[in-house]
Amino acid sequence: MTLRIAWAAALACALVASAESAASTTSKPSPPSWILRGAYAPTIDPANFVATVDNEYFPLKPGARFHFEGMSDGTPQTDDVLVTHKTKLVLGVKCTVVRDTVSENGKAVERTFDWYAQDKQGNVWYMGENSLELKNGRLVRADDSWEGGVNGGKPGIIMRGHPRPGEVYRQEYYRPGGALDQARVVGTTATVRVPDGSSKRALVTVEWSPVEPQLEKKLYVRGLGEVEEEVIAGGHERFRLTRVTS
């Protein structure tokens, strides 16, 4: 089902400011003023983590499947996300394994196994990833694969327990592979139509990658998770959630 988004004027202004008035989505944007700089040393205490990832904006129920449809640089793609029943131990924390497969014409071109865990404050931590990319007809390990505690890899937060507008946080940190994404909370002023046909209020974040470099807008709905993502500066890419099964 096609998703229809009605942006409020205030949100549009905030996104323009976040993009630092980029001239076009294809030009390389300058780093936004809000990015974090300097040393980064998160504290990971296994005793501060819980067994279930049930953050209202990023719930991970094993067996749930999310199907996204979109375009990347003019090429139609699909993105299928599966919350597996598997777990992985990272820095002493048991993480939920999520498989994310991007396909073109029915053939996988990217596959990532992401590892997430939630602390007692409700924050969902991104603990690492095994990323595969298509080369010579085969999916091989990508340079930006990383694991918390290995070769300088440090976990980041993928979703705050109680996101507040203006909040900025690191999502991952691995300098050797260039996994250095950060995010900023814009607000909850977006209205989005979800696959079941209802309209919901959505949380909006903007992510910055210094490696691309690019700015990416993401929308999240309570009880569902991510419903849309779009590169708003530094590229042409957009995906929308069209189907959810469990």
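Chemist: Just checking my understanding: could you explain the overall build of the protein chain for this structure?
Modeler: In terms of regular secondary structure, the protein chain is built from 1 helix and 17 strands. When the 246 residues of the protein chain are sorted by exposure, 50% land in the buried category. Of all intrachain contacts in the protein chain linking residues separated by at least 6 positions in sequence, the fraction that spans at least 24 positions is 48%. With the model as given, the accessible surface of the protein chain reaches about 12,000 Å², and the carbon-plus-sulfur share is 48%.

Chemist: In this structure, what is going on with the pattern of salt bridges? I would like to understand it.
Modeler: A side chain of one charge can pair with a side chain of the opposite charge if their charged atoms are brought near each other. As enumerated under the stated definition, the model contains 10 salt bridges in all. Residue Arg222 is joined to Glu56 by a salt bridge in which the shortest nitrogen-to-oxygen separation is 3.1 Å. On the criterion of sequence distance, the pair formed by Arg222 in the loop between β15 (214-221) and β16 (225-233) and Glu56 in the loop between β2 (49-50) and β3 (65-72) is long-range, its members being 166 residues apart. Take Glu56: its relative accessible area is 37%, and that puts it in the partly exposed class.

Chemist: Help me out: how do you make sense of the environment of Ile157 in this one?
Modeler: By the secondary structure assignment, Ile157 is in strand β10 (residues 154-159). Of the residues examined, Ile157 reaches a relative accessible area of 6% and is grouped as buried. For Ile157 and Met127, which are 30 residues apart along the polypeptide, the C-alpha to C-alpha distance reads 8.5 Å. Look past the residues within four positions of Ile157 in its chain and what remains in contact with it is Asn123, Val124, Trp125, Tyr169, Arg170 and Gln171.

Chemist: Is there a simple way to explain the environment of Lys88 in this structure?
Modeler: As for its placement among the helices and strands, Lys88 is situated in strand β4 (residues 75-90). Apart from residues lying up to four places away in sequence, Lys88 is in contact with Val93, Lys94, Cys95, Val97, Trp115 and Glu147.

Chemist: I keep staring at the pairing of strand β17 (residues 237-245) and nothing clicks. Help me out?
Modeler: The side chains of a regular strand alternate, first on one face of the sheet and then on the other. Bridge count between β3 and β17: 8 bridges; the pairing is antiparallel. Across the sheet, Phe68 pairs through a bridge with Leu241, a residue of β17. The pairing of β16 with β17 spans 3 bridges and is antiparallel. Looking at β17, one finds that Glu229 is bridged to Phe239.

Chemist: It is not clear to me how the packing of aromatic side chains should be interpreted in this structure. Could you clarify?
Modeler: Aromatic ring pairs: the centre-centre distance and the angle between the two ring planes describe each pair. All told, the structure shown has 5 aromatic pairs when counted by the stated rule. Through a chain of ring-to-ring contacts, the aromatic side chains of Phe58, Tyr116, Tyr126 and Trp146 assemble into a single cluster. Between the NZ or CZ atom of Lys88 and the centre of the ring of Trp115, over which it lies, the distance is 4.8 Å.

Chemist: Got a minute to help me understand unusual backbone geometry in this structure?
Modeler: For residues that are not glycine, phi is negative in most cases, and the peptide bond is trans in most cases. Across the junction of Glu212 and Pro213, the peptide omega takes the value -15 degrees, indicating a cis bond. Looking at where Pro213 falls in the secondary structure, it is placed in the loop between β14 (199-209) and β15. The phi torsion at Asn151 lies on the positive side, around 50 degrees, for a residue other than glycine. With respect to the helices and strands, the residue Asn151 is situated in the loop between β9 (146-147) and β10.

Chemist: I keep staring at the environment of Arg193 and nothing clicks. Help me out?
Modeler: Turning to its location among the elements, Arg193 is positioned in strand β13 (residues 182-193). Here Arg193 falls in the partly exposed class, since its relative accessible area comes to 25%. For the pair Arg193 and Val227, spaced 34 residues apart in the sequence, the C-alpha separation amounts to 9.2 Å. Of note is the side chain of Arg193, whose polar atom sits 2.6 Å from the backbone oxygen of Gly197. Side-chain polar atoms of Arg193 contact the side chain of Ser199, separated by 3.4 Å.

Chemist: I'm lost on the pairing of β16 in this one. Help?
Modeler: Most of β16 sits inside the fold, with 8 of its 9 residues counted as buried. Pairing between β15 and β16: 7 bridges, direction antiparallel. Bridge pairing in β16 links Lys218 to Glu229. Counted along the chain from β15 to the antiparallel partner β16, the turn is 3 residues long, and its residue Gly223 has a positive phi close to 80 degrees.

Chemist: Honestly, the confidence of the model for the protein chain in this entry has me stumped. Any pointers?
Modeler: Do not read the fine detail of predicted coordinates wherever pLDDT is low. Scored by pLDDT, the protein chain comes out at a mean of 90, with 89% of its residues at no less than 70. Scored below 50 in pLDDT, residues 1-24 shows 50 contacts in the model against residues more than four places distant or in partner chains.

Quick notes on the rules
- Residues numbered from 1 in each chain as written.
- Predicted model: local features only at pLDDT ≥ 70, side-chain atom pairs only at ≥ 80, totals over all residues.
- Heavy atoms only, no water.
- Helix = DSSP H or I, 4+ residues; strand = E, 2+ residues; numbered from the N terminus.
- Buried < 20%, exposed > 50% of the residue type's maximum accessible area, 1.4 Å probe, protein only.
- Contact = heavy atoms within 4.5 Å.
- Areas by Shrake-Rupley, 256 points an atom, 1.4 Å probe, with all protein chains shown as cover.
- Salt bridge = Lys/Arg side-chain N within 4 Å of Asp/Glu carboxyl O.
- Pairing = 2+ DSSP bridges.
- Phe/Tyr/Trp six-rings, centres within 6.5 Å; stacked < 30°, edge-to-face > 60°.
- Lys NZ or Arg CZ within 6 Å of the ring centre and 35° of its normal.
- Polar contact = N/O pair within 3.5 Å; in protein donor to acceptor, adjacent residues only side chain to side chain.
- pLDDT = per-residue confidence, 0-100.

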